Amino acid sequence: MTEPADSRERILEQIGGWRGVFDSALPVVVFVLANTVGGLTVAVWSAVGAAVLVAALRLVQRRSPQQAFGGLFGVVLAAYIAHRTGSAKGFFLLGIWASFGYAAVCAGSVLVRWPLVGVIWEYVESGSTGWRRDRSMMRVYTWTTAMWAGVFLARGLVQHFLYDANRTGWLAVARIAMGYPVTLGALGVTLLMVRRVSRRSRPLPPETLPPEPLPSESLAPPLPPPSLPPPSSPRRS
């Protein structure tokens with residue numbers, strides 16, 4: 001597998017991979033269906049149960065414990081907020097706050113000229129900070145980070161509007177549709193742009209460089225070929 005493909009797989013693994021679409025959607029769908037059938041209390045416990053099931057499956061499949069317990073903690077906290085507010089739509093408050101927080105972090109990193117996409121990408125790749133002196137890489141990292149800020153801001157605004165309108169069902173639809181599908185799309189654009197500028201900005205690896213000419217054996221100019229004596233004329237008798 002090539003190095004760019006390795007980077008892509010590592011980043012996908014950090015956000016849960018393609019399996020994360022199902023894992024993140026299941027507790028939300030279960031919560032909405034249970035709330036419709038049995039009310040808020042049933043919905044809260046059903047969502048927590050679904051999150052526990054997802055976490056257990058992740059551990060059994062030897063996936064990252066951080067992802068397993070991180071997703072479980074998020075669902076438990078969202079269920080607790082819904083229980084405390086006494087409203088089903090409170091289940092989505094944590095996601096709305098998180099979206100606005102992520103948007104603020106991305107925008108702030110652009111303003112201080114440490115775009116978050118560049119920080120994360122270069123940490124995964126090499127851990128160096130030399131990319132900040134490369135104008136083309138800084139430009140791409142800045143634009144992609146601004147794109148992520150727009151994604152998070154749009155997600156927060158749409159869900160906040162539906163929250164104020166008390167549209168719990170549509171909140172669930174927006175949460176799922178603007179969650180992993182949009183995240184994976186934005187990630188694809190980011191990978192495409194960053195890989196393109198990385199190929200232009202970074203030097204070729206040693207094995208692809210042309211071989212250097214061998215040094216001359218002597219700095220003195222080459223000697224002329226030895227002169228041969230003229231042929232002798234035949235003797236006459």
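Structure first, text after, so check above.
In what follows, the accompanying structure is described. (Residues numbered from 1 in each chain as written. Predicted model: local features only at pLDDT ≥ 70, side-chain atom pairs only at ≥ 80, totals over all residues. Heavy atoms only, no water.)

Overview of the overall build of the chain
Turning to step 1, where the next piece is worked out: Helices and strands together make up the secondary structure of the chain, namely nine helices and zero strands.
Turning to step 2, where the next piece is worked out: Traced from its N-terminal end to its C-terminal end, the chain shows the element sequence α-α-α-α-α-α-α-α-α.
Turning to step 3, where the next piece is worked out: With 237 residues in all, the chain has 35% of them scored as buried.
Turning to step 4, where the next piece is worked out: Intrachain contacts of the chain at a sequence separation of at least 6 include 67% that bridge at least 24 residues.
Turning to step 5, where the next piece is worked out: Counting only carbon and sulfur atoms, one obtains 66% of the accessible surface of the chain, whose full area is about 15500 Å². (Helix = DSSP H or I, 4+ residues; strand = E, 2+ residues; numbered from the N terminus. Buried < 20%, exposed > 50% of the residue type's maximum accessible area, 1.4 Å probe, protein only. Contact = heavy atoms within 4.5 Å. Areas by Shrake-Rupley, 256 points an atom, 1.4 Å probe, with all protein chains shown as cover.)

Some remarks on the packing of helix α4 (residues 65-85) against helix α5 (residues 93-111)
Geometrically, a packed helix pair is captured by the angle between its two axes and the distance between the axes.
Turning to step 1, where the next piece is worked out: In the contact formed by α4 and α5, the axes pass within 8 Å of each other and the chain directions differ by 115°. Here α4 contributes Gly74, Leu77, Ala78 and Ile81 to the contact with α5, which in turn contributes Leu93, Leu94 and Trp97.
Turning to step 2, where the next piece is worked out: Class assignment for the residues of the contact of α4 with α5 results in six nonpolar, one polar and no charged. (Axes fitted to C-alpha atoms, helices over the stretch in contact; angles between N-to-C directions. Nonpolar A, V, L, I, M, F, W, Y, C, P; charged D, E, K, R; others polar.)

So, the side chain of Ser136
Turning to step 1, where the next piece is worked out: On the secondary structure map, Ser136 appears in helix α7 (residues 135-164).
Turning to step 2, where the next piece is worked out: Residue Ser136 is classed as buried on the basis of its relative accessible area of 18%.
Turning to step 3, where the next piece is worked out: Within polar-contact distance, the side chain of Ser136 engages the side chain of Asp134 at 2.6 Å. (Polar contact = N/O pair within 3.5 Å; in protein donor to acceptor, adjacent residues only side chain to side chain.)

Considerations on the packing of α5 against α7
Turning to step 1, where the next piece is worked out: In contact at an axis separation of 8 Å, α5 and α7 are set at 155° when each is read in the N-to-C sense. In terms of orientation, α5 and α7 fall into the roughly antiparallel class. Both α5 and α7 take part in a crossing whose hand is left-handed.
Turning to step 2, where the next piece is worked out: When grouped by side-chain class, the residues that make up the contact of α5 with α7 number 15 nonpolar, seven polar and one charged. (Parallel < 35°, antiparallel > 145°, perpendicular 65-115°, else oblique. Left-handed = near helix turned anticlockwise from the far one by under 90°.)

With respect to unusual backbone geometry
Turning to step 1, where the next piece is worked out: For Arg113, which is not a glycine, the phi torsion comes out positive at approximately 65°.
Turning to step 2, where the next piece is worked out: With respect to the helices and strands, Arg113 occurs in the loop between α5 and α6 (116-125).
Turning to step 3, where the next piece is worked out: At Asn166, a residue that is not glycine, the phi angle is positive and equals roughly 60°.
Turning to step 4, where the next piece is worked out: Within the fold, Asn166 resides in the loop between α7 and α8 (168-177).
Turning to step 5, where the next piece is worked out: Under the relative-accessibility criterion, Asn166 is labelled partly exposed at 47%.

Thoughts on a nonpolar patch on the surface
Turning to step 1, where the next piece is worked out: Together, Leu111, Val112, Trp114, Val119 and Ile120 make up a nonpolar patch on the protein surface, roughly 490 Å² of accessible area in all.
Turning to step 2, where the next piece is worked out: In this structure, Trp114 sits in the loop between α5 and α6.
Turning to step 3, where the next piece is worked out: Of the residues examined, Trp114 reaches a relative accessible area of 36% and is grouped as partly exposed. (Patch = residues over 30% accessible without salt bridge, like charges linked within 9 Å, V, L, I, M, F, W, Y side chains within 5 Å. Salt bridge = Lys/Arg side-chain N within 4 Å of Asp/Glu carboxyl O.)

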